[in-house]
Number of protein chains: 2
Amino acid sequence: MLVVKLGGGEGVAIDPTLDDLAAIHQGGERVVLVHGGSHETNLLARALGHPPRFVTSVSGVESRYTDRTTLEIFAMAYAGKVSTLLVEGLQARGVNALGLSGIDGGVLRAERKGAVKVQENGKVKLLRDDFTGKVTEVNRDLLAVLLERGFLPVLAPLALGSGVALNVDGDRAAAMVAAALKADTLVILSNVPGLLRDVADPASLVRVVKRADLQGAMALARGRMKKKVMGAQEALAGGVGRVVLGDSRGERPIRRALAGEGTVIE
Amino acid sequence: MLVVKLGGGEGVAIDPTLDDLAAIHQGGERVVLVHGGSHETNLLARALGHPPRFVTSVSGVESRYTDRTTLEIFAMAYAGKVSTLLVEGLQARGVNALGLSGIDGGVLRAERKGAVKVQENGKVKLLRDDFTGKVTEVNRDLLAVLLERGFLPVLAPLALGSGVALNVDGDRAAAMVAAALKADTLVILSNVPGLLRDVADPASLVRVVKRADLQGAMALARGRMKKKVMGAQEALAGGVGRVVLGDSRGERPIRRALAGEGTVIE
């Protein structure tokens, strides 16, 4: 059982990942794909005159501030556009992909964050009416039924919480899904080679992180990489064999990650 | 087995339909909801600077011209926004709704129209690169698996055809779904009381159409109503017991339609 998270940042390569997914799925492996969509969301939000706003929590983690309008833009970009492109691309490759947003069938349930303490211009502020959450539960049975029947579920990171749809972090959602399905491996693909000691230097790649060294890895991580390391930690704690942070760019990105290219966390 | 189509025109009432769906589903009836989204698509298309274009075929039926950009806008509005609002609303009412666009798991397969002959300013033109299609096949097994497990499938009218995602008509897609599931009734709800002899006069409602009189009904139908009558015809031909064209506005719109309020086609 393999869970793949494909990032949605600018420069993430989709076609090689879909080619690779198709080959792996046709080889008989059960796979779930969780996808991002942040770049598409930013483009759509700007085009609609409701530009994205990112906030940094008091613990130093950056996330998207999601008012109700942003949540709907998020749903349109993730569950509308990105999911359609991925499912269409997989179907064209002969894979019976099936897109679900986390609210569908309660695949993902979350705890709503509600008010978020953020730092802005050196001050701590309380932001209310935030439609973000943290995944607390995965509907394993629904995914199992689909996997048994040969479908490849494609999940958009929304979740149900307090009776509404919430934006949840894709990396950490993928970690929860991988844990619920007891995946052997969680591969997290983005537009960088993995965890870097120096973000400006691809040669500074950290090749292996042992579970005991996760705090050190967390200290190295910058920006979006923090969520990936948090996700890796949560996946391992949930029983996933290993997590690989790999690069989507280039041929066979998933199989390269499975062969150890990238940052292997175990 | 009941299939409900909820239109997406301006003025369609969502909450009473969701209340009614929840009551019917909780009463033990198996239900599939197929939804529209034309008004949301028009708003989004205009906001994104790619305004909608409607064309009239040589046989007099109006439809949306769907280039690739429009297809993506259509997917964002239908599978992203409308589906999220409906599933969220049903989940908040205790119904385990699950949104699928027709491309997911190949729920709907279609024949792509390709080049469409249209009339514009009195001339006949051939429009190419149109991403619309006509549903030819429904993945009944997938819907049956979901229905057996208590889910309420919420379908967005996209379909797979010639390896790509296509825009398909929601009323006719609902008819194909109802036929595939051998539904007792297909209820098509919109923002009018049903088929009217005079669109300006709600009192001119046609209460009953017998199958033998469908040609007459087709001649009365104007604009969007043509597709509903075509859908009704296809549903009856596919073995559906009856079709009711009902009004979404007001309490209990589905149960009122089931009680015969609207235009009953049988």
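Residues numbered from 1 in each chain as written. Chains lettered and ligands numbered in written order. Predicted model: local features only at pLDDT ≥ 70, side-chain atom pairs only at ≥ 80, totals over all residues.

Attention now moves to the overall build of chain A. Along chain A, the regular secondary structure elements total eight helices and 14 strands. Relative to the 2.2 N^0.38 estimate, which gives 18 Å for 266 residues, the radius of gyration of chain A is 17 Å and therefore close to what a compact globule would have. If you line up chain A on its principal axes, its C-alpha atoms span 50 × 40 × 35 Å. Across chain A, the fraction of contacts at a sequence separation of at least 24, relative to all contacts at a separation of at least 6, is 74%. (Helix = DSSP H or I, 4+ residues; strand = E, 2+ residues; numbered from the N terminus. Rg over C-alpha atoms; globule rule 2.2 N^0.38 Å. Contact = placed C-beta atoms within 7 Å.)

What follows covers the relation of the copies chain A and chain B. Overlaying chain A on chain B yields an RMSD of 0.0 Å, the required transformation being a rotation through 180° with an accompanying axial translation of 0.0 Å. Within this description, the copies of the chain are treated as partners about a two-fold rotation axis. The position closest to the rotation axis in chain A is occupied by the C-alpha of G80(A), lying 1.9 Å away. The overlap is high: 100% of the interface residues of chain A also sit at the interface in chain B, so the same surface is used on both sides. (Least-squares fit on C-alpha atoms with pLDDT ≥ 70 in both.)

Moving on to the pairing of strand β8 (residues 152-156) of chain A. All names here are of chain A. Within β8, five of the five residues are buried, which leaves the element mostly enclosed by the surrounding structure. Where burial is concerned, the two faces of β8 agree: the one with L152, V154 and A156 and the one with P153 and L155 are both buried. Across two bridges, the pairing between strand β2 (residues 31-35) and β8 is parallel. Across the sheet, residue V34 finds its bridge partner in β8, namely L155. Alignment of strand β5 (residues 97-101) against β8, held across five bridges, turns out to be parallel. By the bridge assignment, L100 is partnered in β8 with L155. (Buried ≥ 20, exposed ≤ 12 C-beta atoms within 10 Å, placed from the backbone. Pairing = 2+ DSSP bridges.)

Before going further, it helps to spend a moment on the sheet that holds β2(A). What links the strands of a sheet is backbone hydrogen bonding, and the strands pair in either a parallel or an antiparallel sense. Residues and elements named next belong to chain A. Taken in spatial order, the eight strands of this open sheet run β5-β8-β2-β1-β11-β13-β14-β12, and their pairing is mixed. What marks the edges here is a single partner per strand, and that holds for β5 and β12 (208-209). Relative to β2, strand β1 (residues 2-6) runs parallel, the two sharing five bridges. Opposite V3, over in β2, you have V32 as the bridge partner.

Let's shift gears to helix α2 (residues 38-47) of chain A. Residue and element names in this part refer to chain A. All buried positions along α2 are accounted for by S38, E40, T41, L44 and A45. Seen end-on, α2 carries its buried residues on one side only, within an arc spanning 155°. The elements touched by buried residues of α2 are α3 (68-92). Phi for G49, located one or two positions after α2, is positive at around 75°. (Arc of directions from axis to C-beta.)

Phi at R252(A) is positive, roughly 50°, even though this residue is not glycine. Inspection of the secondary structure puts R252(A) in the loop between β13 (242-247) and α8 (253-258). Its identity as a non-glycine residue notwithstanding, K182(B) has a phi of 50°, on the positive side.

Bringing the nonpolar core into the picture now. Judged by nonpolar contacts, the single largest core of 174 residues is most densely connected at V177(A) and V177(B). Residue contacts for V177(B): discarding those within four places in its chain leaves V3(B), V32(B), V34(B), V138(B) and L155(B). (Core = buried A, V, L, I, M, F, W, Y, C linked by C-beta atoms within 7 Å.)

Look at α3(A) against helix α3 (residues 68-92) of chain B: their axes get within 7 Å of each other, and the N-to-C directions meet at 125°. In terms of their interaxial angle, α3(A) and α3(B) are classed as oblique. Of the two possible hands of crossing, α3(A) and α3(B) adopt the one that is right-handed. Between α3(A) and α3(B), the residues in contact are E72(A), A75(A), M76(A), A79(A), G80(A), K81(A) and T84(A) and E72(B), A75(B), M76(B), A79(B), G80(B), K81(B) and T84(B), respectively. Considered class by class, the residues forming the contact of α3(A) with α3(B) number six nonpolar, four polar and four charged. (Axes fitted to C-alpha atoms, helices over the stretch in contact; angles between N-to-C directions. Parallel < 35°, antiparallel > 145°, perpendicular 65-115°, else oblique. Left-handed = near helix turned anticlockwise from the far one by under 90°. Nonpolar A, V, L, I, M, F, W, Y, C, P; charged D, E, K, R; others polar.)

A few words now on the sheet that holds strand β2 (residues 31-35) of chain B. Residue and element names in this part refer to chain B. The strand order across the open sheet built from eight strands is β5-β8-β2-β1-β11-β13-β14-β12, with neighbouring strands paired in mixed fashion. Pairing within the sheet leaves two strands with one partner each, and these edge strands are β5 (97-101) and β12 (208-209). Seen against the sheet, α3 touches β2, β5 and β8 (152-156) and runs at an angle of roughly 170° to β5.

Here we take up the pairing of β5(B). Counting buried positions along β5(B) yields five of five residues, so the element is predominantly enclosed. The alternating pattern of β5(B) places A97(B), G99(B) and S101(B) on one face and L98(B) and L100(B) on the opposite face, and all of these are buried.

Mean pLDDT over chain A: 95, with 100% of residues reaching 70 or higher. The complex prediction reports pTM at 0.97, with the ipTM value standing at 0.96. (pLDDT = per-residue confidence, 0-100.)

Bring the parts together and some accessible area is lost; that lost area is often taken as the interface size. On the chain B side, the residues contacting the 28 residues of chain A number 28 residues. If you list the elements that add at least two residues to the side of chain A that touches chain B, you get α3, β5 and β10 (164-168) of chain A. Per-element accounting of the side of chain A that touches chain B gives the leading share, 11 residues, to α3(A). Taken together, the residues of the side of chain A that touches chain B break down into 14 nonpolar, nine polar and five charged.

Bringing the packing of helix α2 (residues 38-47) of chain B against α3(B) into the picture now. The geometry of a pair of packed helices is captured by two quantities: the angle between their axes and the separation between those axes. Residues and elements named next belong to chain B. At a minimum axis distance of 9 Å, the contact between α2 and α3 shows a crossing angle of 125°. Overall, the two elements α2 and α3 adopt an arrangement that is oblique. Note on packing geometry: the crossing formed by α2 with α3 is right-handed. Here α2 contributes E40, T41, L44 and A45 to the contact with α3, which in turn contributes T70, I73, F74, M76, A77, Y78, K81 and V82. Residues of the contact of α2 with α3, tallied by class, amount to eight nonpolar, two polar and two charged.

Moving on, we come to the environment of F74(B). All names here are of chain B. Assignment of secondary structure puts F74 in helix α3. Remark: the alpha-carbon pair of F74 and V240, spanning 166 residues in sequence, is separated by 29 Å. In this structure F74 touches T41, T66 and N167, once residues within four positions along its chain are discounted.

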